[in-house]
Amino acid sequence: MTGQLEGKVAFITGAARGQGRTDALRLARDGADIIAVDLCGPVDSVKDFYDLPTSADLAETVRQVEETGRRIVSREADVRDLDALRQAVDDGVRELGKLNVVVANAGIFTFGQDTHKIAESAWKDIQDINLTGVWHTYAAAAEHLMAAGAGGSVIIISSLAGFKGLANVAAYTTAKHGIVGLMKVLANELGPKGIRVNTIHPNSIDTEMVKNTAAYKLFRPDLDDPTAEDAEPAFASLNPMGKAWIEPEHVSNAVAWLASDESYYVSGAQLPVDGGASIA
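Residues numbered from 1 in each chain as written. Predicted model: local features only at pLDDT ≥ 70, side-chain atom pairs only at ≥ 80, totals over all residues. Heavy atoms only, no water.

Caption draft 1: Inspection of the overall build of the chain at higher detail. When you go through the chain residue by residue, the secondary structure sums to 8 helices and 7 strands. Here the C-alpha atoms of the chain give a radius of gyration of 18 Å, agreeing with the 19 Å that 2.2 N^0.38 yields for 280 residues. Referenced to the eigenvectors of the C-alpha coordinate spread, the extents of the chain come out at roughly 55 × 35 × 35 Å. The buried share of the chain, reckoned over its 280 residues, is 55%. (Helix = DSSP H or I, 4+ residues; strand = E, 2+ residues; numbered from the N terminus. Rg over C-alpha atoms; globule rule 2.2 N^0.38 Å. Buried < 20%, exposed > 50% of the residue type's maximum accessible area, 1.4 Å probe, protein only.)

Caption draft 2: Representation of the packing of helix 1 (residues 18-29) against helix 8 (residues 248-259) in the model. At a minimum axis separation of 9 Å, helix 1 and helix 8 run at an interaxial angle of 50 degrees. It follows from the interaxial angle that helix 1 and helix 8 lie oblique. For helix 1 against helix 8, the interelement crossing comes out right-handed. Counting all contacts with helix 1, which are made through Gln-19, Thr-22, Asp-23, Arg-26 and Leu-27, the residues of helix 8 involved are Pro-248, Glu-249, Val-251, Ser-252, Asn-253, Val-255, Ala-256 and Ala-259. Among the residues forming the contact of helix 1 with helix 8, the class breakdown is 6 nonpolar, 4 polar and 3 charged. (Axes fitted to C-alpha atoms, helices over the stretch in contact; angles between N-to-C directions. Parallel < 35°, antiparallel > 145°, perpendicular 65-115°, else oblique. Left-handed = near helix turned anticlockwise from the far one by under 90°. Contact = heavy atoms within 4.5 Å. Nonpolar A, V, L, I, M, F, W, Y, C, P; charged D, E, K, R; others polar.)

Caption draft 3: Main features of the sheet that holds strand 1 (residues 9-13). Spatially, the 7 strands line up as an open sheet ordered 3-2-1-4-5-6-7, and their pairing is parallel. At either margin of the open sheet sits one strand with a lone partner, and together these are strand 3 (72-76) and strand 7 (270-273). Averaged over neighbouring strand pairs, the angle between their axes works out to 15 degrees when direction is ignored. Where strand 5 (residues 153-157) and strand 6 (residues 196-202) come together, 5 bridges link them in parallel fashion. (Pairing = 2+ DSSP bridges.)

Caption draft 4: Spatial organisation of unusual backbone geometry. Of note in the backbone geometry, Cys-40 takes a positive phi value of approximately 55 degrees without being a glycine. Here Cys-40 shows up in the loop between strand 2 (33-38) and helix 2 (55-67). Even without glycine at this site, Asn-168 takes up a positive phi of about 65 degrees. Following the sequence through the fold, Asn-168 ends up in the loop between strand 5 and helix 5 (170-190).

Caption draft 5: Region of interest: helix 4 (residues 120-148). Given a rise of 1.5 Å per residue, 29 residues ought to cover 42 Å, and the 40 Å separating the end C-alpha atoms of helix 4 matches this to within 8%. Along helix 4, the helix axis deviates most sharply at Ala-142, where the bend reaches about 50 degrees. Gly-149 sits one or two residues past helix 4 and shows a positive phi near 90 degrees. (Expected span 1.5 Å × (residues − 1). Bend = angle between axes of the 7 residues up to and from the residue.)

Caption draft 6: The arrangement of the packing of aromatic side chains in detail. As enumerated under the stated definition, the model contains 7 aromatic pairs in all. An angle of 65 degrees between the planes, with centres 4.9 Å apart, marks the rings of Phe-49 and Phe-111 as edge-to-face. Within this pair, whereas Phe-49 is found in the loop between strand 2 and helix 2, its partner Phe-111 is found in the loop between strand 4 (101-104) and helix 4, the two being separated by 62 residues in sequence. A ring pair is formed by Phe-235 and Trp-245, whose centres lie 5.1 Å apart and whose planes are at 45 degrees; its orientation type is tilted. In this pair, Phe-235 sits in helix 7 (residues 228-236) while Trp-245 sits in the loop between helix 7 and helix 8, placing the two residues 10 residues apart along the sequence. Trp-245 carries the same exposure label as Phe-235, and that label is buried. Here the aromatic residues Phe-49, Phe-109, Phe-111 and Tyr-172 are joined through ring pairs into a cluster of three or more. (Phe/Tyr/Trp six-rings, centres within 6.5 Å; stacked < 30°, edge-to-face > 60°.)

Caption draft 7: Molecular detail of the environment of Ala-175. Along the chain, the position of Ala-175 falls in helix 5. Sequence separation between Ala-175 and Trp-123 is 52 residues, and the spatial gap between their C-alpha atoms is 9.6 Å. Ignoring anything within four residues of it in the chain, the contact list for Ala-175 reads Ile-126, Gln-127, Asn-130 and Leu-131.

Caption draft 8: Looking closely at the pattern of salt bridges. Counted according to the given criterion, the structure contains 17 salt bridges. One salt bridge connects Asp-78 with Arg-80, and the closest N-O pair in it is separated by 2.8 Å. Of the residues examined, Asp-78 reaches a relative accessible area of 19% and is grouped as buried. Classification of Arg-80 by relative accessible area gives partly exposed; the value is 29%. (Salt bridge = Lys/Arg side-chain N within 4 Å of Asp/Glu carboxyl O.)

If you want it as structure tokens, here you go:
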């Protein structure tokens, strides 16, 4: 697909590391210039689960994208802050000329509690980032996206939790279901303008969000300090292909296809990239 995105500009949230960086690199290799945004800072309710990306991580994404020969504009911004996102997108469009693709990827993951025991702050952080943050991402980009005309694409990263009611993952599951509803609304609103909107639903991805001690303990509570090796069989049992952690490149393949004109009439779809977990 090299060159399929030549002349396009993509706005990606959560681009400093993990899935977001992989998406940025794949779209750049396919010819797109990138507007990359990330918080690059902590969220209190997440700190006991895993470390969030830093400014150095975002700088590394910039370096790797520039190595592909594409242009990139990066900004540190919180998806909870609509004004900051608008400024980031405006800056990117001013430098890169337009906006054709939006990848709403930023999100956090906390888990492991009975629903009635979730701290209100933890519930609020996930809804504010994983749900309202997706709306903010679209709202910040919408005018530029529509100005670019037909052929645009909005890609929202949901989850297996956007299909299933995962026990002990209530806040995350609620948000990931919620963005599916937003996707359906936007697919109907933007269809007449020739702009497509879809969700992608990965299973456990091989990134820091999932591969951490807290997640391993969720599956191996019998161990005080479980390792990835200890937890791998349990993760692999979640899908019929027996794959514990999906490489982010496979999710980026779906992102690149939905960003390209090859998926021109695909809109309103919920695309699983989960090894069959959603049907298991």
